[in-house]
Amino acid sequence: MKKTMLSGALLLSALMMMTGCEQLMSNLDNPVSPYLELQSSATVIALGETDTIKASTISTMPIQYASSDESVVKVDENGILTPVADGDATITVKVDQDPSKAYQPGETKFEVKVRTPLTLEALEDGQINVSFVYGATLDKPIYYTIGKEKKAIDNEDTEIEVKKGDRVKFESANDHMADYGPYKFSYGTYNTYRYVNILPQTKSAVYGNVMSLITDGDFHANTTITQPYAFYSLFGNAKMMVNHETYKLRLPAITLSNYCYGEMFRYCSGLTEAPELPATDLKPSCYYYMFFGCSGLTESPVLPATELAFRCYYSMFQKCTSLTKVHKLPAMTLKSYCYAYMFQECTALTQTPELPATEMANSCYDHMFANCTALTKAHKLPATDLSGGEGCYWGMFRKCIALTQAPELPATTLERYCYYGMFEGCTALTEGPVLPAKQLVMDCYMRMFYDCINLKSLTCLVAPTGGAYESMSRWLYNAGTNADSPQFKHAPEHTSWVNSDNLQGYQYPDQWNVPNYWKIVD
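No experiment lies behind these values; they were computed from the predicted model shown.

Turning to the environment of Y229, a few remarks are in order. When you line up the elements, Y229 lands in the loop between β18 (204-209) and β19 (241-243). Between the C-alpha atoms of Y229 and V206, which are 23 residues apart in sequence, the distance is 21 Å. Beyond its immediate chain neighbours, meaning those up to four positions away, Y229 contacts A178, D179, Y180, Y193, S257, N258, Y259 and C260.

This is the structure we're talking about:
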């Protein structure tokens with residue numbers, strides 16, 4: 001039996017050798033296929049990972065690899081893939097014809113999708129907490145993955161133990177991480193923000209696409225936030241969270257929802273760089289307090305939207321005390337409270353962004369730069385008609401104690417409270433603007449230069465009959481007290497201006513008063 005099997009095997013080997021020799025001889029004139037094969041034809045990979053294309057061939061020529069887009073993924077001579085950014089790319093795998101021409105050239109394709117979900121990389125041993133604050137409840141679990149292990153979080157506060165170098169990837173098929181509804185406090189049941197909070201307890205670097213938390217499917221393709229409060233306070237108080245040294249945190253949504261980014265990074269003092277914010281379709285309060293107290297941020301992201309929404313940027317960068325660079329805000333037509341308190345208490349900011357808007361809205365710039373104590377330069381505010389903008393510049397530069405020159409204010413049509421307290425407490429202000437309006441409205445200049453103790457010049461061109469009740473109430477109270485002979489200039493035809501201690505302004509238009517220590521000139 002063994003002898004028979006051995007004889008059969010030898011015969012088979014001899015036949016194969018003979019066939020191979022004949023095939024090789026024939027291939028000198030008619031090369032055969034290199035039989036270039038891939039173990040798989042596609043992969044999905046995340047930033048921070050690598051993968052290898054497993055290819056084989058009977059050709060004697062080396063296998064070559066080339067990426068269609070090296071800004072997405074790079075590939076080396078061994079087929080090792082290194083992702084660069086989320087996106088899609090095709091790897092061409094080929095072999096050239098060998099010198100003997102025994103084998104034909106060959107080529108095939110390998111598809112790569114780089115998909116990086118929201119990721120926290122632990123820079124130290126510790127834990128990352130996921131909390132369901134004020135009874136937040138999701139319809140579907142949040143999944144987190146460390147290495148090959150994937151676990152579910154199903155509406156229960158969870159402590160994730162991590163070792164230095166662990167990458168924790170988060171995904172969910174829900175469409176929001178927060179909402180607004182009733183919660184039973186010890187003192188009664190009241191509506192409040194109910195939200196999922198991801199809070200590293202150890203230093204962790206954040207990167208990846210935050211849409212992985214609210215997408216059922218390919219989060220890379222999702223650029224629309226459909227539900228209000230979607231990411232409300234997601235990283236609130238995450239002081240141990242920092243930017244990744246290589247990879248970016250991505251918030252790619254173009255269309256937003258109400259309060260979607262509200263308080264998202266509140267008091268994230270470890271962040272030094274804000275994510276790009278490409279959204280152009282804004283909704284009310286969409287960026288509400290988004291970076292409040294992010295004391296490490298030095299530059300605001302570009303905000304490209306030209307159509308705004310009610311309270312859209314409200315307090316967005318308030319208390320970002322290291323912020324020094326801000327970008328032009330391109331909108332020409334404003335909405336109520338759109339920029340209110342946006343940069344309040346940004347104490348390192350030295351100049352305002354360009355603000356080209358010409359159509360005002362109620363309280364649109366309300367306290368926008370209040371308490372920006374390093375601010376020295378303010379760009380022109382070009383609107384000439386403030387109609388519909390009640391309180392539009394209310395407190396805009398209040399207590400900007402380094403501001404020495406006011407921006408140009410060309411408006412000739414005013415609105416109630418339009419300049420209320422605009423420069424109040426600007427103790428370094430020496431040059432007031434020219435105020436060209438001929439006709440005033442009720443409360444328009446109220447407290448405008450209150451406590452501007454170094455103000456030394458001001459021009460007001462109101463007509464003799466252009467006054468209105470309380471239009472100038474306390475507008476120059478305590479103004480110019482430290483200046484040497486401050487001068488007040490008025491329209492030549494308006495000769496009713498007088499020096500007085502009475503700056504209450506209740507009697508306008510019957511009386512036009514400036515402080516006794518001011519010199520009145522034509």
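Here we take up a negative patch on the surface. A cluster of acidic side chains, namely D154, E156, D157, E159 and E161, defines a negative patch on the protein surface. Of note, E161 is situated in strand β14 (residues 158-162).

Within the secondary structure, D98 is located in the loop between β8 (87-95) and β9 (106-114). Overall, D98 belongs to the buried group, its relative accessible area being 4%. As for D98 and S172, which are separated by 74 residues in sequence, their C-alpha atoms are 50 Å apart. Sequence-distant contacts of D98, defined by excluding residues within four places in its chain, comprise T60, M61 and Y103. From its side chain, D98 meets the backbone nitrogen of Y103 in a polar contact 3.0 Å long.

Another aspect to go through is the sheet that holds strand β11 (residues 126-133). Read from one edge of the open sheet, four strands run β14-β11-β17-β16, paired in antiparallel fashion. Edge positions in the open sheet fall to β14 and β16 (178-185), since each of these has one partner strand only. The sheet shows a mean angle of 30 degrees between the axes of neighbouring strands, direction not considered. Alignment of β16 against strand β17 (residues 188-200), held across eight bridges, turns out to be antiparallel. Following the sheet pairing, Y180 is matched in β17 by Y193.

To continue, consider the nonpolar core. Within the largest apolar cluster, 122 residues are counted, with the highest numbers of intra-cluster contacts made by F170, F265, F397, F423 and Y445. Every element with two or more residues in this core is listed here: β10 (118-122), β11, β12 (142-146), β14, β15 (167-172), β17, β22 (457-460) and β25 (512-514). In this structure F423 touches F397, L403, A406, P407, L409, L429, M448, F449, Y450 and C452, once residues within four positions along its chain are discounted. By size, the runner-up hydrophobic cluster in this structure holds 19 residues, among which are L36, I53, F110 and V114.

Basis of the calculations
Residues numbered from 1 in each chain as written. Predicted model: local features only at pLDDT ≥ 70, side-chain atom pairs only at ≥ 80, totals over all residues. Heavy atoms only, no water. Helix = DSSP H or I, 4+ residues; strand = E, 2+ residues; numbered from the N terminus. Contact = heavy atoms within 4.5 Å. Patch = residues over 30% accessible without salt bridge, like charges linked within 9 Å, V, L, I, M, F, W, Y side chains within 5 Å. Areas by Shrake-Rupley, 256 points an atom, 1.4 Å probe, with all protein chains shown as cover. Salt bridge = Lys/Arg side-chain N within 4 Å of Asp/Glu carboxyl O. Lys, Arg positive; Asp, Glu negative; His and termini not counted. Charge placed at Lys NZ, Arg CZ, Asp CG, Glu CD. Buried < 20%, exposed > 50% of the residue type's maximum accessible area, 1.4 Å probe, protein only. Polar contact = N/O pair within 3.5 Å; in protein donor to acceptor, adjacent residues only side chain to side chain. Pairing = 2+ DSSP bridges. Axes fitted to C-alpha atoms, helices over the stretch in contact; angles between N-to-C directions. Core = buried A, V, L, I, M, F, W, Y, C linked by side-chain atoms within 4.5 Å.

From the geometry alone we can't say anything about function, so treat these as descriptive.
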